[in-house]
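# Secondary and tertiary structure notes
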Amino acid sequence: MYSDRWVYVSRGLGRDEDMSQIIEIVKTSSEHGLNGMVLSAGLDRISLKSPDRLRRLQEVKRVCQENNVEIIPIIFSAGYGGSILSHNRNLAAGLPVQDALFVVDGNEAHLVADPLVEVVNGGFEEFTDNHFKGYRFHDKPGQISFVDQETVKEGRTSLRFEHFGEVDPEHGHARVMQEVAVHPRRYYRVTCWVKTDGLQGKFRIQILTENSRALAPYDPGIPDTTDWRKVTMAFNSLEYDHVKIYAGAWGGKAGRFWLDDLRIEEMGLVNVLRRPGTPLTVASEGGEIIYQEGKDYERIEDAKLNPSRGADHDPPPIRILSDSRIKDGQRLRVSFYHSVAVNRGQVTVCMSEPEVYDIWRKEAKLLHEQLQPQKYFLGMDEIRAGGSCAACKSRDMSMAEILGDCITKQVEILRENNPKAEIYIWSDMLDTNHNARGGYYLVEGDFSGSWEHVPEDLIIACWYHKKRKESLKFFSDLGFQTLAGAYYDGDTLDNPRDWLESLDQTPGARGIMYTTWQRKYALLGDFGDLVTQQTD
Ligand SMILES: [Ca+2]
Ligand SMILES: [Zn+2]
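Computed from a predicted structure; not experimentally measured.

## Examining the environment of Gly-79
Summarising the element assignment, Gly-79 is placed in the loop between strand E3 (70–75) and helix H3 (82–87). With near-sequence residues (within four places) excluded, Gly-79 lies in contact with Thr-348, Met-380, Asp-381, Glu-382, Ile-383 and Arg-384.

## Remarks on the packing of helix H1 (residues 16–31) against helix H10 (residues 524–533)
With their axes 8 Å apart at the nearest point, H1 and H10 run at an angle of 30° to one another. Between H1 and H10, the interaxial angle falls into the category roughly parallel. Every pair of crossing elements has a handedness; the one defined by H1 and H10 is right-handed. In this structure, H1 contributes Ile-25, Thr-28 and Ser-29 to the contact, and H10 contributes Leu-524, Gly-525 and Gly-528. Per-class residue counts for the contact of H1 with H10 are 2 nonpolar, 4 polar and no charged.

## Notes on the sheet that holds E3
If you walk around this closed barrel you meet the 8 strands as E1-E2-E3-E18-E19-E20-E21-E22, and the pairing is parallel. Within this sheet the neighbouring strands show an average axis-to-axis angle of 25°, counted without direction. Sheet topology places strand E19 (residues 422–426) next to strand E20 (residues 459–462); 3 bridges connect them, and they run parallel. Considered in E20, the bridge of Ile-425 is made with Ile-460.

## A word on the nonpolar core
Counting residues in hydrophobic clusters, the biggest one holds 157 residues, and the most contacted among them are Val-7, Met-37, Val-38, Cys-350, Leu-403, Ile-425 and Met-513. Looking at which domains feed residues into this core, each of domain 1 (4–89 + 347–532) and domain 2 (95–340) gives three or more. Beyond its immediate stretch of four places on either side in the chain, Val-7 contacts Ile-25, Ser-29, Leu-34, Met-37, Met-513, Tyr-514 and Leu-524.

Conventions we followed
Residues numbered from 1 in each chain as written. Chains lettered and ligands numbered in written order. Predicted model: local features only at pLDDT ≥ 70, side-chain atom pairs only at ≥ 80, totals over all residues. Helix = DSSP H or I, 4+ residues; strand = E, 2+ residues; numbered from the N terminus. Contact = placed C-beta atoms within 7 Å. Axes fitted to C-alpha atoms, helices over the stretch in contact; angles between N-to-C directions. Parallel < 35°, antiparallel > 145°, perpendicular 65-115°, else oblique. Left-handed = near helix turned anticlockwise from the far one by under 90°. Nonpolar A, V, L, I, M, F, W, Y, C, P; charged D, E, K, R; others polar. Pairing = 2+ DSSP bridges. Core = buried A, V, L, I, M, F, W, Y, C linked by C-beta atoms within 7 Å. Buried ≥ 20, exposed ≤ 12 C-beta atoms within 10 Å, placed from the backbone. Domains from an automatic or database assignment.

This is how it looks when you write it as C-alpha cells:
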C-alpha cells in the first residue's frame, strides 16, 4: 500500500457550511483508508485572514487529528498569483510597452494611437450578399455566417452565426477574421458586442500572430444565452507588426450568436505596474529629455489596477505638474509595463521580484504557527507569463533557471520553519512531456531543463493522465519520488485505476491523490477502498 493516500480539498473557510463539508470529506477519507488532505484555503495569506477563518482552520486541524488525516497545505503559486496579488497587485508579471505616444492637452497627457489602428467595417455595415467587406474571411457565408438586419447592436446590420454544428460538424467553426497592422511592443484593447442564443461552444476573441502565437489567451466567459453584452480584452503586440483578430466560436455545436461593433484601439496606462522591476519613463518625443516623476508629472498609478479583470476600465492620464518642463501640446514618449490576464482571469506573479519572497517568508512563518505542517505542496503549475520585465531580464538567466531558482527559494523558506518538511510540487512546469518548454503562452523564454534546477528531494505530483507513463518514468529516472494527481471529476474510477497501474511500474512512487476541481466527492470512499486494496 502506498504511503501517501490523499484527497484534494479547496475551500475558502469563509463560511460555516465549508466546515461541515470538510468534516464529511475528512471522515469519509479516514473510514476508507486515506491519510492526507491537500488543503487549498489561501493558507499563504494567513496575515490577511479574519479571526473567524483562523478559528475554522483550527477546527479543521482538530478534526483531521482525530481522524488521522494529515493536512498538507498547498501554497506559493506563481501561476495563480492571487495570494501574492492580495498583498500587492503590482507584483504581477509585466509585459513591456515601448515609446507609446502621449500628447499633452492642458495639464493632462493622454495616449494617441501611433500609428492609427482600426478594424475595417467593424460595424458590419458594408456587405454584398452574405459577404462582409474588409475581412480576410468569415466561415461559410450564407451557410454559417449571415447578414442580419433584425438583431442589431449598432447601425443597421450585424453578423449572425448559425448552423455551424450541422454544416461543420468536425470543427464547429463560426469565426470572422481580419488582419490588422499594429506597432510592435504596444498595448491594444479589442472590444465587440455579442449576443448569444443557446450557443453550445465557446465564444472567444483570439489575437493570433503570423506564426500562430496567441497574444490574448483570455476567456471572456460569455453565457450560452445572453442579450447584447460588451466584450473587452487587451493584448500586447510583443515583437509583431501584424495580428489576426478572430472573433467567434470554435467547436460550436448548436445555437446561434451575433456580433457587432468590433473595434481595436491602442491603449494607455491601464493596469500599469509600479514595482522596481517595471520602470516607467516619460521622455520628450526624440528621447533627449527624461522627465522626472513627482516634479514634471504627478506619480503615475492606475487607481483601478486589477490584473485579473483585464482591461475593463479607462486608463489614468499623466497629470502634468505646475512647474513642469513639459509644455501644453507637447508630444511625449512613454514606456511602461502592464499586467496580463489569461483564460478566466489567471494572473502570474513575477518570480524575479524580491518582495514576492518577503511575502512568502512572512506567510510561511504564520502558517507554521497555525498548523505545524510536516508536508507542503507547492502550487507551481501553469505559469503563463514571465521573463519580460526588467527584474527578469537583468538576471541574465533562462526561464528554466528563474523557475528553478524560485522553487529552490520556496523550499528554503519552508525549511526555515521545519527543516525536515517534505515538499511536493505539481509536475507540469518541470516536465518535458508537459509545460516545461518554449513557446508557452506569454512567457518570454524557455522552461526546458527546469527540472535540472530544483532540489532533488522534491516529490513530483504528476497529473497529465494521457502522458502518465512518460511523465512518471521521466521523473523517476531523474531520481525524484512521485505522486499521482488522479481522478479529475470523471464518473468512474477508471482514471485512478490507470494511474495505479502506472505507479506500480514506477520506482519511487509515493502514492496517489483524489483530485477534484468540481468538488465531486461521491466516489471518494470507493477511491479509498481501491487505493487501500493495493498491495505493492
Ligand atoms: Ca452594425
Ligand atoms: Zn519579471
